[in-house]
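Results of the structural survey
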Amino acid sequence: MADQDSRAPLISETRRRFEAEYLQAKTDKYDSRDTERLQQDDTWVDNFLIWRDDNVDDTLKMIDESFQWRKEYAVHDLTESSLPKRFFEPGAIYLHGYDKEGYKIFWFRVKLHVKDSKTQFEKKKLVAFWLERYARREHGKPLTVVFDMAETGISNIDMDFVRYIINCFKVYYPNYLTKIVIFELPWIMNAAFKIVKSWLGPEAVGLLKLTNKNEIQEYISAEYLPPYMGGTDTFKYSYPPLVDDDFQTPLCENGPMTGEDEVETKEETDIDNKESPDSNEEQALNSKKANFAEQTPKSEECEKQDSKTKNAKKALTTFKGPLLHIRKERIISLFHPSYVMYITQAFDIHTSTFQSGIPYTIGKQVHEIHCGSPAEELHFGSKETGEKKCLIVLTNVTKNTVAFKVRTTAPDKYRVKPSNSSCEPGTSLDIIVSLHGGCAASLQDRFLIMAAEMEQCSGTGTQELGQFWKEVPRNKVMEHRLRCHVVESSKPSSLTINENSFNIPAKTNEDLHVQLTQLLQANKRLREQIDRCVWFQQLTLLFMFLLLASTTFCFYLLYAPRS
């Protein structure tokens, strides 16, 4: 928040200058939807600024070029049906899987691409379609590009197309690229590779990663690599439908839930409604939470302070959608199971206090702590910390009942309760997401929360909800995606909480950015010193060579036999 506020003047200046210097003269060259978004989406403007090192002049030129391209390619109107089916069928371009840092992978299978000037424009539109589709769904999250050049021949090499793809990330989709992984570059392409590096520019050359079968797993784990790359991914491209990671219905607390197109039988419903030990524990937790809240008196001053803290926390951890507000909380299990206290209700705890993943206790009476996590992340602990639960709080902000369901890319690893239900107007509902058995959370795991407003006459039973999801139009469904974040920490230790425990300032992103900048500057100075040393060494060697040559010549003149 603070970092975003500090960048607000730069964002405002960019908008003001773009409107004054470009918009009035080139209105017909821009799509009005892009210009409107520029005025409303701070993150979009900030991505342009970051990609141009906060140079407003360069940023404005980049926005101008990007907007003209977006209108030329009609990016807003690109749909699956607007492109020829034959372009989707080979599987030369698609999105699938995640790298080791949790970024989506954009695959280019070069051997399936055939250079053809007649279809070049449509193929470029296909790239724009995939990138725009991803950008709308993931709201600016970066991705990793993989050029799979295995079995590639001269007929597959299309430098114009490669340059277009690079420009997409260099100009049209700023700050979207984490790295370009090139798999098995043919030796005949070494000269072309140097050209590609020049297109990227010196600031982005470090993003290129040349790999082979033995090295690619430094960047992508085996589970998302095909067997010919040394991986174990059994995925095979096919079309239709469009390839994407399938969000499936996860396990509920008492077993697998039915799919969205199935209707639960009465027997399954009865099983789902049975109380499990975990659900009994949750009821006990809720009961103790209520009792503790009643037994904790607060002064007027403390209430005001709590209100400020909750508001600050809410701004950081709550997604505010048109139908639901979605808040995530991390649950940290501690030592004594007999007592439960919800610390976030009793103390003024800033969310940054928990970034290290260290549990906090009062005496021995704390069993779990709920603490906030960013609006697009579910925080789980590593195997060492043993944190296996997250709490998602849904708040209905409409005047009608809202149906929701939770899906995930790893349905066998997680249990979710409830995963398919409804929320009444103005009420909140808790969803517990827990890891199953000995499973560990992964950065590649994703969750999808889908919500849609129901008519007042609609029922909220299992069969009614199943029928509702079959009939609801796609454009009426609100979607919010969550990624898993694994909190690494040392062995848990308990600390006694006192009044001043949380007043220790934590390092902000800005502090880390300053330190990183200083480190980069020191590294640059060191490089310059090394370059100077190398230059002096080369100069010294040259002088020594000249001295040796002149000495040899002198001896030759002195002692050579005279004719």
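What counts and what doesn't
Residues numbered from 1 in each chain as written. Predicted model: local features only at pLDDT ≥ 70, side-chain atom pairs only at ≥ 80, totals over all residues. Heavy atoms only, no water. Helix = DSSP H or I, 4+ residues; strand = E, 2+ residues; numbered from the N terminus. Buried < 20%, exposed > 50% of the residue type's maximum accessible area, 1.4 Å probe, protein only. Contact = heavy atoms within 4.5 Å. Areas by Shrake-Rupley, 256 points an atom, 1.4 Å probe, with all protein chains shown as cover. Pairing = 2+ DSSP bridges. Axes fitted to C-alpha atoms, helices over the stretch in contact; angles between N-to-C directions. Arc of directions from axis to C-beta. Phe/Tyr/Trp six-rings, centres within 6.5 Å; stacked < 30°, edge-to-face > 60°. Lys NZ or Arg CZ within 6 Å of the ring centre and 35° of its normal.

1. Topic: the overall build of the protein
- On a plain count of helices and strands, the protein comes out with 14 helices and 18 strands.
- The burial tally for the protein puts 44% of its 563 residues in the buried class.
- Sequence separation of at least 24 residues holds for 78% of the intrachain contacts in the protein that already meet a minimum separation of 6.
- Here the protein has roughly 30900 Å² of accessible surface; of this, 53% comes from carbon and sulfur atoms.

2. Quick look at the sheet that holds strand β17 (residues 446-453)
- Strands sit in the order β11-β18-β17-β13-β15 across an open sheet of 5 strands; the sheet is mixed. The sheet terminates laterally at β11 (377-381) and β15 (420-423), the two strands that pair on one side only. Averaged over neighbouring strand pairs, the angle between their axes works out to 25° when direction is ignored.
- Pairing between strand β13 (residues 402-408) and β17: 7 bridges, direction antiparallel. Counterpart to V402 in the pairing with β17 is E453.

3. Some points on helix α13 (residues 462-471)
- Those residues of α13 lying buried are L465, G466, F468 and W469. One side of α13 carries all its buried residues, which in axial view fall inside an arc of 160°. For α13, the exposed residues set more than 90 degrees away from the buried face come down to Q463 and E471.
- Where the residues of α13 are buried, they touch β13, β15 and β17.

4. Here we look at the packing of aromatic side chains
- Following the criterion strictly, the structure yields 29 aromatic pairs and no others.
- Plain terms: the ring middles of Y94 and F235 are 5.7 Å apart, the flat faces sit at 45° to each other, and that makes the pair tilted. Placement of Y94 in strand β1 (residues 93-98) and of F235 in the loop between β5 (208-211) and β6 (251-252) is noted, with a sequence separation of 141 residues between them.
- A residue is classified by how much of its surface remains accessible, and Y94, at 7% relative accessible area, is buried.
- Judged by centre distance (5.3 Å) and plane angle (20°), the rings of F108 and F147 are stacked. Of the two residues, F108 sits in strand β2 (residues 104-109) while F147 sits in strand β3 (residues 143-148), which places them 39 residues apart along the sequence. We note that F108, like F147, is buried.
- The rings of W69, Y73, F121, Y134, F161, Y164, Y172, Y173 and Y176 are connected pair by pair, giving a single aromatic cluster.
- Just above the ring of W44 sits the side chain of R37; from NZ or CZ to the centre is 3.9 Å.

5. Some thoughts on the pairing of β11
- The buried count for β11 comes to 5 of 5 residues, which makes it a mostly enclosed element.
- The alternating pattern of β11 places E377, H379 and G381 on one face and L378 and F380 on the opposite face, and all of these are buried.
- Pairing of β11 with strand β18 (residues 478-487) involves 5 bridges; the strand directions are parallel. Bridge pairing in β18 places H379 opposite H485.

6. Thoughts on the sheet that holds β1
- Within the open sheet, the 5 strands sit side by side as β1-β2-β3-β4-β5. Their pairing is mixed. The strands lining the two open edges of the sheet, one partner per strand, are β1 and β5. Mean inter-strand twist for the sheet, computed between neighbouring axes without regard to direction, equals 25°.
- Sheet topology places β1 next to β2; 4 bridges connect them, and they run antiparallel. Residue pairing for β2: Y94 is matched across the bridge by W107.
- Of the strands in this sheet, β1, β2 and β3 touch helix α6 (residues 120-138), which is tilted by about 35° from β1.
- This element, helix α7 (residues 159-172), spans β1, β2, β3 and β4 (177-183) of the sheet and lies at about 170° to β3.

7. A look at unusual backbone geometry
- Note that the residue after K417, namely P418, is joined by a cis bond; omega there is -10°.
- Tracing the backbone through its elements, the reader meets P418 in the loop between β14 (414-417) and β15.
- Positive phi is not limited to glycine here, since E151 has a value of about 60°.
- Relative to the helices and strands, E151 resides in the loop between β3 and α7.
- One non-glycine residue with positive phi stands out, namely N175, at about 65°.
- Looking at the element boundaries, N175 is found in the loop between α7 and β4.

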